[in-house]
Amino acid sequence: EAGVTQSPTHLIKTRGQQATLRCSPISGHTSVYWYQQALGLGLQFLLWYDEGEERNRGNFPPRFSGRQFPNYSSELNVNALELEDSALYLCASRSGLTGELFFGEGSRLTVL
Amino acid sequence: RKEVEQDPGPFNVPEGATVAFNCTYSNSASQSFFWYRQDCRKEPKLLMSVYSSGNEDGRFTAQLNRASQYISLLIRDSKLSDSATYLCVVTPGGSYIPTFGRGTSLIVHP
């Protein structure tokens with residue numbers, strides 16, 4: 001069974017540009033979470049999608065947005081990129097049975 | 001007070017040592033508890049769930065103390081391969097948002 005997949009693995013952008021990150025959850029998982037992990041810091045909750053709807057968002061500005069598609073895959077968009085957006089962006093899908101999060105390998109965004 | 005707090009370490013221990021990490025949480029209604037392991041520049045992976053009665057998986061033992069609002073992880077007979085960052089994860093009741101501690105760094109040396 002395939003795990004959570006994310007793309008791209010690495011992304012380099014310049015300030016002011018826009019970035020789009022993609023995530024496919026484990027088959028059968030309907031909940032997708034996005035976290036940001038800046039260098040040396042912990043995982044900060046960004047967004048939670050379930051059954052195609054945004055259920056909750058963390059303490060991030062509106063230029064962080066996303067969506068979930070009918071097949072439960074998800075997209076994270078970051079507009080007007082700033083240097084401090086450089087981080088590892090982790091997507092996870094959640095088991096409805098155990099509550100465990102399964103993570104993808106992450107997308108490493110560098111903003112120059 | 002942060003929702004989930006961990007001592008960042010690093011804990012620097014020799015092979016074979018026993019080491020324990022604690023994690024405190026602020027929301028008394030929290031319902032789900034996990035320990036994850038994260039290797040350098042990699043994604044977190046589940047180490048073990050934490051149950052109210054405590055649970056053990058080989059060299060790893062996890063315990064939950066609801067009265068004092070902390071969970072613990074005990075690693076016995078440390079191996080070089082145990083070197084990693086250990087993340088405490090707590091999900092407040094009704095929230096469905098797993099909240100991560102900043103992690104405790106463990107370095108096991110020969």
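Overview of the structure. (Residues numbered from 1 in each chain as written. Chains lettered and ligands numbered in written order. Predicted model: local features only at pLDDT ≥ 70, side-chain atom pairs only at ≥ 80, totals over all residues. Heavy atoms only, no water.)

1. Observations concerning the overall build of chain B
Counting its regular elements, chain B contains zero helices and 11 strands. Secondary structure elements of chain B, listed N to C terminal, follow the sequence β-β-β-β-β-β-β-β-β-β-β. Its C-alpha radius of gyration of 13 Å places chain B within 12% of the 13 Å reference for a compact globule of 110 residues. Buried residues in chain B amount to 45% of all 110 residues. Taking the contacts inside chain B whose residues are at least 6 apart along the sequence as the reference set, 56% of them involve residues at least 24 apart. As displayed, chain B offers around 5,400 Å² of accessible surface, 47% of which is attributable to carbon and sulfur atoms. (Helix = DSSP H or I, 4+ residues; strand = E, 2+ residues; numbered from the N terminus. Rg over C-alpha atoms; globule rule 2.2 N^0.38 Å. Buried < 20%, exposed > 50% of the residue type's maximum accessible area, 1.4 Å probe, protein only. Contact = heavy atoms within 4.5 Å. Areas by Shrake-Rupley, 256 points an atom, 1.4 Å probe, with all protein chains shown as cover.)

2. A word on the environment of B:T104
All names here are of chain B. Relative to the assigned elements, T104 resides in strand β11 (residues 104-109). For the pair T104 and G94, spaced 10 residues apart in sequence, the C-alpha to C-alpha distance is 27 Å. A polar contact is formed between the side chain of T104 and the backbone oxygen of D7, at a distance of 2.6 Å. (Polar contact = N/O pair within 3.5 Å; in protein donor to acceptor, adjacent residues only side chain to side chain.)

3. Comments concerning the interface of chain B and chain A
Where interface size is given, it is often the accessible area lost as the parts come together that is meant. On the chain A side, the residues contacting the 15 residues of chain B number 21 residues. When chain B packs against chain A, close to 1,500 Å² is buried across both sides, 60% of that on carbon and sulfur atoms. Scanning the region where chain B abuts chain A turns up zero salt bridges. Across the contact surface, chain B and chain A share four residue pairs in polar contact (both at pLDDT 80 or more). Here the element with the most residues in the side of chain B that touches chain A is strand β4 (residues 30-38) of chain B; it accounts for three residues. Tallied by class, residues from the side of chain B that touches chain A come to nine nonpolar, two polar and four charged. (Buried area = accessible area lost by both parts, 1.4 Å probe. Salt bridge = Lys/Arg side-chain N within 4 Å of Asp/Glu carboxyl O. Nonpolar A, V, L, I, M, F, W, Y, C, P; charged D, E, K, R; others polar.)

4. Overview of the state of the cysteines
All names here are of chain A. Under the definition given, this model contains two disulfides over all chains. Through a disulfide, C23 is tied to C91; the S-S separation comes to 1.8 Å. Where C23 bonds to C91 through sulfur, the torsion about that S-S bond is close to -60 degrees, and the disulfide is left-handed. Residue C23 is located in strand β3 (residues 19-24), and its partner C91 is located in strand β9 (residues 87-94); the two are separated by 68 residues in the primary sequence. Considered together, C23 and C91 belong to a single accessibility category, that of buried residues. (Disulfide = S-S within 2.5 Å.)

5. Notes on the packing of aromatic side chains
Here a ring pair, both rings aromatic, is described through the centre-centre distance and the interplanar angle of the planes. One pass over the full model with this rule turns up 13 aromatic pairs over all chains. Taking the centre distance of 6.1 Å and the plane angle of 50 degrees together, the rings of A:Y35 and A:F103 count as tilted. Residue A:Y35 is located in strand β4 (residues 31-37), and its partner A:F103 is located in strand β10 (residues 101-103); the two are separated by 68 residues in the primary sequence. Residue A:Y35 is classed as buried on the basis of its relative accessible area of 1%. The class of A:F103 is buried, set by a relative accessible area of 8%. An aromatic cluster of three or more residues is present, and its members are A:Y35, A:F45, A:F103, B:F34, B:Y36 and B:F100. (Phe/Tyr/Trp six-rings, centres within 6.5 Å; stacked < 30°, edge-to-face > 60°.)

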